Amino acid sequence: MASVRGQSVKRVEDKRFITGEGRYVDDIVLPKMTYAAIVRSPHAHAEIKGIDSSAASSAAGVVAVLTGQEMAPDLVGGLPAGWQVDFKNGDTMKEPPHPPLAVDKVRYVGDAVAVVIAETPAQAVDAAELVDVDYNVLKAIVDVVKAAEPGAPQIFDDVPNNIVFDWGLGDEEKTDKAMADAHHVTTIEFDNQRLVCNAIEPRCAIGDYDGARDHYTLYTTTQNPHVIRLLMCAFVMGLPEHKVRIVSPDVGGGFGSKIPHYAEEVIVVWSSKKVGRPVKWTAERSESFITDTHGRDHHTKAEMGFDQDENMVGLRVKTFASMGAYLSTFGPCIPTYLHGTLMQGLYTTPAVYVDVTAVFTTTTPVDALRGAGRPEATYLIERLVDQAAHEMEVDPVELRRKNFIPPFDGVNQPGYETQVALVYDSGDYEAVLKKALDMAGYEELRLEQAAAREQGRYIGIGLSTYIEACGIAPSAVVGSLGARAGLYESGTVRVQPTGKVTVLTGSHSHGQGHDTTFAQLVSDSLGIPMEDVEIVHGDTDLVPFGMGTYGSRSLAVGGVAISMSLDKVKEKGAKIAAHLLEAAEEDLEFAEGSWTVKGTDRSVGFGDVALTAYVPHNYPEGLEPGMEFTSFYDPANFTFPYGAHIAVVDVDVETGVVKLKRYIACDDVGNVVNPMIVDGQVHGGVTHGIGQALMEGAIYDDEGQLVNGSYMDYAMPRADDLPSFETGRTVTPCPHNPLGAKGAGETGTIGSTPAVVNAVIDALWPLGVRHLEMPLTPQRVWQAIRDASN
Amino acid sequence: MHLEGSHQLAASPQAVWKLLNDPDVLARLTPGLAELNSQEKEDSYEAVFQIKMGPINSGFTGTLEVRDKSEPLSYRLVIGVKGRIGTIDAEGTFGLRPKGSDTDVSFSGDARMTGVIARMGQRVLSGVAKMFTNQFFQGLERELLPVQGAVISGRAGFTQEASMAIPIGVTVNGEQREHEVEPRLLLVQYLREVLTLTGTHVGCDTSSCGACTVIFNGRAVKSCTLLAVQADGAEITTIEGLAPDGELHPIQNGFHQEHGLQCGFCTPGMILTAWQLLERNPDPTDDEIRHGIEGNYCRCTGYDNIVRSVKHAANELG
């Protein structure tokens, strides 16, 4: 049997989705189920003077109307941040309480105020309209820079100037000197605009309290069920974990918005106990827009210094990062440890300093959005490089090459130690750039561009060479940086007596295709067909433990945990096989699902060994029966995927419309188990990044209302906005990861946004356009062309 | 949006005229009208509407005026109301014509909406308008029955509480289904909640994402944009019914072969949209496929493999 590892095996999970048999949370109906509608604040900032729920309580079908006043005594705390980032002076970050149902104040439009539980969804929604909340409206503040200025509306009494923390990384003094001495300094100041994740499946949660067992079940649309159990039990509800089960079945996309522990999860679990029946809440899209965590929302000033030979000598960055109205699970970590630490890029810049101020605003809380921090870092670095190339009139390819970190494999050459606390694992940045340029036909493109300009057509070529960090670990390191949990993963391999295999993984698939990729690992390791493997995830009562799926960690962390258990299975299997074959263990070899005595035809198959483990009539003395292993993998370091992306655009200077003509993505994600799935991840990621560059952006007015909170108003890429993507790969295995894998879920998002914006600036540079704020809508592009010509 | 309807009533024009000029009757019969309070000016009322329609359940307040009276033949009704989610401005003329001892009542008018309510889409709005107009005339007929006549003198400020179940018959995936449904029930809710066909998904409130697409009388439609009552008599195919014999339809197979799905949430709608595309154009170019599926959002795949999947299906279907 040929190994399936590295093959584009068609997905095992497809059948249930293409026949309509997927099982999402909203598809679940429990006996005696009730339905929740949440009364939400229409104001961005207001005091709650009183809540009159009498009319709602007596409306048709209403089971209960519950408020924050009633919930508060039952909780041990509010919704927690999973990460603590302290002030430069050592003071603890500001972490005011975040009650799942607001008690005395609301701090963003959509903040939950009360819950109405009724017999039908329609009755719940109807009655929610009858809940009368008396608000004293206060001033909103949505701009991240203005919010930190003295005199801005104060969102919490004990958070002066709304500043959550300030934070710095790198050598500030050295960087200041390098910038002062630089021959040329390129400066950009811009917004990395707020985005909405917009997984197509709206969030949903069902709480089911079983009084007889004093046991809670929560079905929820999450990327990380064990993390939700940990946070809800330990930080919010004070429940013992063995009494709580979290089920996260098929989930319709996450993109970061389904990582955090949400108010609604607490609300349905708590109110299920209150009413003694299951309680289901399903978000409407307009509710998703204002309550799913948002991403990005940085305001940044960044400067890059060069010597007279165009060598990078310094990078200085100042970022204001919005946290929204409360700290979400990963909120504080994103602008710091997932952003500041990436400032080295692929370059040898000897002096780097990044300064981040995290700020509360009266907006939806901010958390991860595909890439989470690394897209923001890459955007500023890669915009600076292209901008500098234009300013110094050198080719952007040559400027990058000149400053690249030289190749290192992490084995024969050590890892690369950056100015901002990381050690890169392995990389050959020149190789991936060369491959991308070859795929694009870069030289011909430049000739085509020159010829087009002669005819008054404006083609732009934009580059982005990025590095990112995945599978953040080890736990000891992330703990020292403020993580409140470990970042390992568990993997159980349960060999059934028939030789079939059940894998229990703490990773969670919401589109990534784990049923296939993980089964490929098992098939490759044990030499059994993929049909003999079942992957189980998303249920805390089945899976021993897990940290879930985000940060492109499933294969690089979760896959390795499975792989470790597979090794243990083979180790034990060899002992049983040796006994059955009456041979010494060291005389055996394992291949294609059988142990064979070397140099003979005497062999025993995996199935026979498995059966023997469970029917141990003829069995090695002292060996335990059974064949099941659980491993926990805590990586030695992050993994560092990288790549080179090239965008080619055609800008209509009469209308400002940007047409994306070609998109080339050449990535190095280490070893690949299923190229088809990796390409699919790249496609989706690139599309997300193009969306940010050209179309997407959450717009708040001064009153704190999300003005474009619907699919009618918030633009996202549709099929006819995009070209077909050209993907390529180089392979530099990760040296510290037993699978050599680096992670592929976010590279596309990280690489694409600056490539597209660089392409548009490249097209318009001869017209005098020097800067554009994202998204690059026709109106903005047209205005910039017009302003430049005046 | 244009509204019109007519109805023959077994009463004299004078009797009908009396009804049409009785504010209590108007309040009772106008769908969504919760309160009608007289104002100083004659024939001018303060009107409070409570519109329940699909995902919308919201209050609107403003004025209702009767103008251009020509007793007992015609008058014009002018409504202008405003709510948290938008405005409704409507204007229409009632005409009465004797027909033997009966009266023909006709109504013709136009309505303009702004805000969220306007985003419901033309199809839903005109469906609702048709239903509301029919309900109004049926109500008039009930009012004219002798037994009901005594009830007419109700109090002003009548609050409408009644909800009614309407019988529908629909053929879904080849099976005849009959149910009584609330007028506000969306088709997608009927499919998911009543028929438990959960392969059809809800992704938005605004018919923008296409996750709820089903085949309705041979056309791909967004089932969140239709009311279940509008499906009366229709033939519907959902994803569960695309390949009834347990085999994969060539389009389903195309999505499997070309990795045209990741999380699977948009997939049923995408496949059924592709079905219509290939019905109309069996050999589409890449651009035609991209244009054909641009009403469906996918946040996972970047669409490239979906285009390949549809091509694959086109080839298999020949």
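About the thresholds
Residues numbered from 1 in each chain as written. Chains lettered and ligands numbered in written order. Predicted model: local features only at pLDDT ≥ 70, side-chain atom pairs only at ≥ 80, totals over all residues. Heavy atoms only, no water. Helix = DSSP H or I, 4+ residues; strand = E, 2+ residues; numbered from the N terminus. Polar contact = N/O pair within 3.5 Å; in protein donor to acceptor, adjacent residues only side chain to side chain. Contact = heavy atoms within 4.5 Å. Pairing = 2+ DSSP bridges. Axes fitted to C-alpha atoms, helices over the stretch in contact; angles between N-to-C directions. Phe/Tyr/Trp six-rings, centres within 6.5 Å; stacked < 30°, edge-to-face > 60°. Buried < 20%, exposed > 50% of the residue type's maximum accessible area, 1.4 Å probe, protein only. Buried area = accessible area lost by both parts, 1.4 Å probe. Salt bridge = Lys/Arg side-chain N within 4 Å of Asp/Glu carboxyl O. Parallel < 35°, antiparallel > 145°, perpendicular 65-115°, else oblique. Left-handed = near helix turned anticlockwise from the far one by under 90°. Nonpolar A, V, L, I, M, F, W, Y, C, P; charged D, E, K, R; others polar.

Draft legend 1. Seen up close, the side chain of Gln193 of chain A. Residues and elements named next belong to chain A. Locating Gln193 in the fold gives a position in the loop between strand 8 (184-192) and strand 9 (195-196). Here the side chain of Gln193 touches Glu696 through a polar contact of 2.8 Å, landing on its backbone oxygen. Aside from chain neighbours lying at most four places away, what touches Gln193 is Gly295, Arg296, Asp297, Gln692, Glu696, Gly697, Met774 and Pro775.

Draft legend 2. Representation of the sheet that holds strand 10 (residues 204-210) of chain A. Residues and elements named next belong to chain A. Spatially, 3-5-1-13-10-11-12 is the arrangement adopted by the 7 strands of the open sheet, whose pairing is mixed. Either end of the sheet is taken by a strand with one partner, and the two such strands are strand 3 (62-67) and strand 12 (244-247). Direction aside, the axes of adjacent strands within the sheet are offset by 20 degrees on average. Here strand 10 runs beside strand 11 (residues 215-220); their pairing, made up of 6 bridges, is antiparallel. For Asp210, the partnering residue across the bridge sits in strand 11 and is His215. Packing against the sheet, helix 4 (residues 121-128) makes contact with strand 1 (34-40), strand 3 and strand 5 (112-118), and its axis sits at approximately 25 degrees to strand 1. Where helix 8 (residues 263-275) meets the sheet, it contacts strand 1, strand 3, strand 5, strand 10, strand 11 and strand 13 (279-282), and its direction lies at approximately 30 degrees from that of strand 10.

Draft legend 3. Focus on the packing of aromatic side chains. For the coordinates displayed, the defined rule picks out 32 aromatic pairs over all chains. Measuring from ring centre to ring centre gives 6.2 Å for Tyr416 of chain A and Tyr424 of chain A, while their planes differ by 35 degrees; the resulting arrangement is tilted. Judged by centre distance (6.0 Å) and plane angle (80 degrees), the ring pair of Phe136 of chain B and Phe137 of chain B falls under edge-to-face. For Phe136 of chain B, a relative accessible area of 8% gives the class buried.

Draft legend 4. Here's a closer look at the interface of chain A and chain B. Listed per partner, the contact involves 55 residues of chain A and 51 residues of chain B. For the pair chain A and chain B, the summed buried surface comes to about 4500 Å²; carbon and sulfur atoms form 52% of the total. Its largest share of buried area at the contact with chain B, chain A owes to Ile18, Ile200 and Arg718 of chain A, together 17% of the area lost on that side. Counting every contact that joins chain A to chain B gives 4 salt bridges.

Draft legend 5. Representation of the pairing of strand 22 (residues 501-505) of chain A within the structure. Residues and elements named next belong to chain A. With 5 of 5 residues buried, strand 22 is to be regarded as a mostly interior element. Relative to strand 22, strand 21 (residues 489-495) runs antiparallel, the two being bridged by 5 bridges. In the sheet register, Thr492 faces strand 22, and the bridge partner there is Leu504. The antiparallel hairpin formed by strand 21 and strand 22 contains 5 residues in its connecting segment, where Gly499 sits at a positive phi of about 85 degrees. Relative to strand 23 (residues 533-536), strand 22 runs parallel, the two sharing 4 bridges. Paired with Thr502 across the strands is Glu534, a residue of strand 23.

Draft legend 6. Main features of the pattern of salt bridges. All names here are of chain A. This structure, assessed with the given rule, holds 53 salt bridges over all chains. Notably, a salt bridge pairs Asp515 with Arg16, separated by 3.4 Å at the nearest N-O pair. Residue Asp515 is located in helix 15 (residues 514-526), and its partner Arg16 is located in helix 1 (residues 14-18); the two are separated by 499 residues in the primary sequence. Where Arg401 meets Glu430, a salt bridge forms, and the shortest distance between an N and an O atom there is 3.1 Å. Of the two residues, Arg401 is situated in helix 11 (residues 396-403) and Glu430 in helix 12 (residues 429-440); the sequence distance between them amounts to 29 residues. The exposure class assigned to Arg401 is partly exposed, which follows from its relative accessible area of 29%.

Draft legend 7. Highlighting the packing of helix 18 (residues 675-694) of chain A against helix 19 (residues 747-764) of chain A. All names here are of chain A. Packing of helix 18 against helix 19 brings their axes to within 7 Å, and their N-to-C directions diverge by 40 degrees. In this view, helix 18 runs oblique relative to helix 19, as classed from their interaxial angle. Helix-helix and strand crossings are classified by hand; for helix 18 and helix 19 the assignment is right-handed. Of helix 19, the residues touching helix 18 (which contributes Val682, Gly685, Val686, His688, Gly689, Ile690, Gln692, Ala693 and Leu694) are Thr747, Gly748, Thr749, Ser752, Thr753, Val756 and Val757. Residue composition of the contact of helix 18 with helix 19, by class: 7 nonpolar, 9 polar and no charged.

Remember that the coordinates give geometry; whether it matters functionally is a separate question.
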